[in-house]
Amino acid sequence: MSDTIEKVKCLIIGSGPAGYTAAIYAARANMSPVLYQGMQPGGQLTTTNEVENFPGYPEGITGPDMMIQLQDQAKRFGTDIRDGWVTKVDFSESIHKIWVNETQEIHAEIVIISTGASAKYLGLPSEQKYLQLGGGVSACAVCDGFFYRNQEVVIVGAGDSACEEAHYLSKLCKKVTMLVRRDEFRASKIMTNRVKKTENIEILFNSETEEVLGDGQVVTGVMVKNNQTNELTEIPATGFFVAIGHKPNTDIFKSFLDLDETGYIINKPGSSKTNIDGVFVSGDAADHVYRQAITAAGTGCMAALDAERYLASKEEL
Ligand code: NDP
């Protein structure tokens, strides 16, 4: 353990669109933010190729380029951006304690949590290969569906997200094949009925992904196994969508913050406030519904404004 404790006014944890937007607002409000980037600097967007739905980029921009621009914008106003992984917190007192890389102890008046969520993947080597290549594997239909217009795609999952994403894809793609590993959906009835009623969605029950097929560069199909008969079927597809849930990156906060059953941080409605004074949340760590870069950025702005008001009210006391 380090024997010097650093004191900061505003500590931001996470470097996706939520964290950087919070930093831009906090820096411009003279809150001298310190931002820790975490394990995946730039967050989930760094695994996205082209971002076409963030307003202000009429020609689109790659995820990594967008994150560099957000980082530069946060730096321009004086954000102290650091490498490092927050490994432990203690929010039991009015000064919030944070440990970086297990050793460095920081005391912060305000903490803005923007640690995001991670999409779950099946973990098959072929899936990971085409994900890394940007060759047709995605965990976000709203982000990437547009690239598969009039093409055939496969989506895995049977929850509300999978149904919502399959329905979204069905409006863009020629055909959507949905792989459901059991003989029933997990999703709500209304969502299940919606996919069942959509003509160009084919649902394959008891079906699991054996392998994502490709030509070495891009996806060309999916080998599917019926787990009742062990029969293998090859489905032609140019896109492979995984919608089997997300895991919010909130484990280190669970002793102090109210979380829902999946681990998302519960914020006070209409604000970024958590159950602890001076601790705010933005982005996907508290959002299992929208999960978009633009909504994350919006809540990053909310967190910085809420934080600024909190500091002002403390200073008035
Ligand atoms: P869920 O955890 O609800 O569903 C995950 C799905 O993925 C399940 O059907 C599960 O199958 C399947 N799955 C998990 N692992 C595998 C695997 N290895 N291979 C194949 N299939 C797998 O996650 P969601 O993201 O769908 O939803 C999260 C929460 O958000 C839920 O509470 C949901 O209701 C909510 N939500 C609400 C929406 C709305 O109301 N508009 C929209 C989106 C989400 P199995 O069923 O067999 O376990």
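Coordinates for the structure precede this section.
Residues numbered from 1 in each chain as written. Predicted model: local features only at pLDDT ≥ 70, side-chain atom pairs only at ≥ 80, totals over all residues. Heavy atoms only, no water.

1. Some remarks on the sheet that holds strand β15 (residues 219-226)
The pairing of strands in a sheet happens through backbone hydrogen bonds and is either parallel or antiparallel.
No. 1: The strand order across the open sheet built from three strands is β14-β15-β16, with neighbouring strands paired in antiparallel fashion. The open sheet is flanked by β14 (207-214) and β16 (232-236), the only strands paired with a single partner. The sheet shows a mean angle of 25° between the axes of neighbouring strands, direction not considered. (Pairing = 2+ DSSP bridges. Helix = DSSP H or I, 4+ residues; strand = E, 2+ residues; numbered from the N terminus. Axes fitted to C-alpha atoms, helices over the stretch in contact; angles between N-to-C directions.)

2. Comments concerning the packing of helix α1 (residues 17-28) against helix α7 (residues 293-316)
No. 1: Running from N to C, α1 and α7 point in directions that differ by 35°, and their axes come no closer than 7 Å. Handedness of the crossing formed by α1 with α7: right-handed. Along its contact with α1, which presents Pro17, Ala18, Thr21, Ala22, Tyr25 and Ala26, the element α7 presents Ala293, Ala296, Ala297, Gly300, Cys301, Ala304 and Leu305.
No. 2: When grouped by side-chain class, the residues that make up the contact of α1 with α7 number 11 nonpolar, two polar and no charged. (Left-handed = near helix turned anticlockwise from the far one by under 90°. Contact = heavy atoms within 4.5 Å. Nonpolar A, V, L, I, M, F, W, Y, C, P; charged D, E, K, R; others polar.)

3. Focus: the site of the ligand
No. 1: Taken together, 13 residues are adjacent to the ligand, and Asp160, Ser161, Arg181, Arg182 and Arg186 come closest.
No. 2: Note that an oxygen atom of the ligand is positioned 3.2 Å from one of the backbone N or O atoms of Ala158.
No. 3: A distance of 2.7 Å separates an oxygen atom of the ligand from a polar side-chain atom of Arg182.
No. 4: Compared with its free state, where it exposes 910 Å², the ligand has 70% of that area covered by protein.
No. 5: When residues of the shell around the ligand are assigned to their parent elements, the largest contribution, three residues, is made by helix α5 (residues 160-170).
No. 6: Counted by class, the shell around the ligand contains four nonpolar, four polar and five charged residues. (Near = heavy atom within 4 Å. Polar contact = N/O pair within 3.5 Å; in protein donor to acceptor, adjacent residues only side chain to side chain. Areas by Shrake-Rupley, 256 points an atom, 1.4 Å probe, with all protein chains shown as cover.)

4. Concerning the sheet that holds strand β10 (residues 137-138)
No. 1: Taken in spatial order, the five strands line up as β10-β17-β11-β12-β13 in an open sheet, and their pairing is parallel. At either margin of the open sheet sits one strand with a lone partner, and together these are β10 and β13 (201-204).
No. 2: The pairing of strand β12 (residues 175-179) with β13 spans four bridges and is parallel. Bridging from a neighbouring strand, Leu179 pairs with Leu204 of β13.

5. As for the side chain of Asp144
No. 1: If you trace the backbone, Asp144 turns up in helix α4 (residues 141-144).
No. 2: Arg149 provides the closest opposite charge to the buried, salt-bridge-free Asp144, at an N-O distance of 12 Å. (Buried < 20%, exposed > 50% of the residue type's maximum accessible area, 1.4 Å probe, protein only. Lys, Arg positive; Asp, Glu negative; His and termini not counted. Salt bridge = Lys/Arg side-chain N within 4 Å of Asp/Glu carboxyl O.)

6. Thoughts on empty space enclosed by the protein
Any empty space left between atoms is shown by rolling a water-sized probe over those atoms.
No. 1: Enumeration over the complete set of coordinates arrives at one cavity of 30 Å³ or more.
No. 2: Empty space within the largest cavity amounts to approximately 30 Å³.
No. 3: Considered class by class, the residues forming the lining of the largest cavity number five nonpolar, three polar and three charged. (1 Å grid on protein atoms, 1.4 Å probe; cavity = no way out; pocket = protein on both sides within 12 Å on 5 of 7 lines; lining within 4 Å. Points joined across faces, edges and corners; volume = space filled by probe spheres on them.)

7. Digging into the side chain of Lys97
No. 1: By the secondary structure assignment, Lys97 is in strand β7 (residues 96-100).
No. 2: Residue classification places Lys97 among the buried residues on the basis of a relative accessible area of 17%.
No. 3: Within the structure, Lys97 has its side chain in polar contact with the side chain of Glu93 (distance 3.5 Å).
No. 4: Once residues within four sequence positions are removed from consideration, Lys97 is found in contact with Lys88, Val89, Asp90, Phe91, Glu105, Ile106 and His107.

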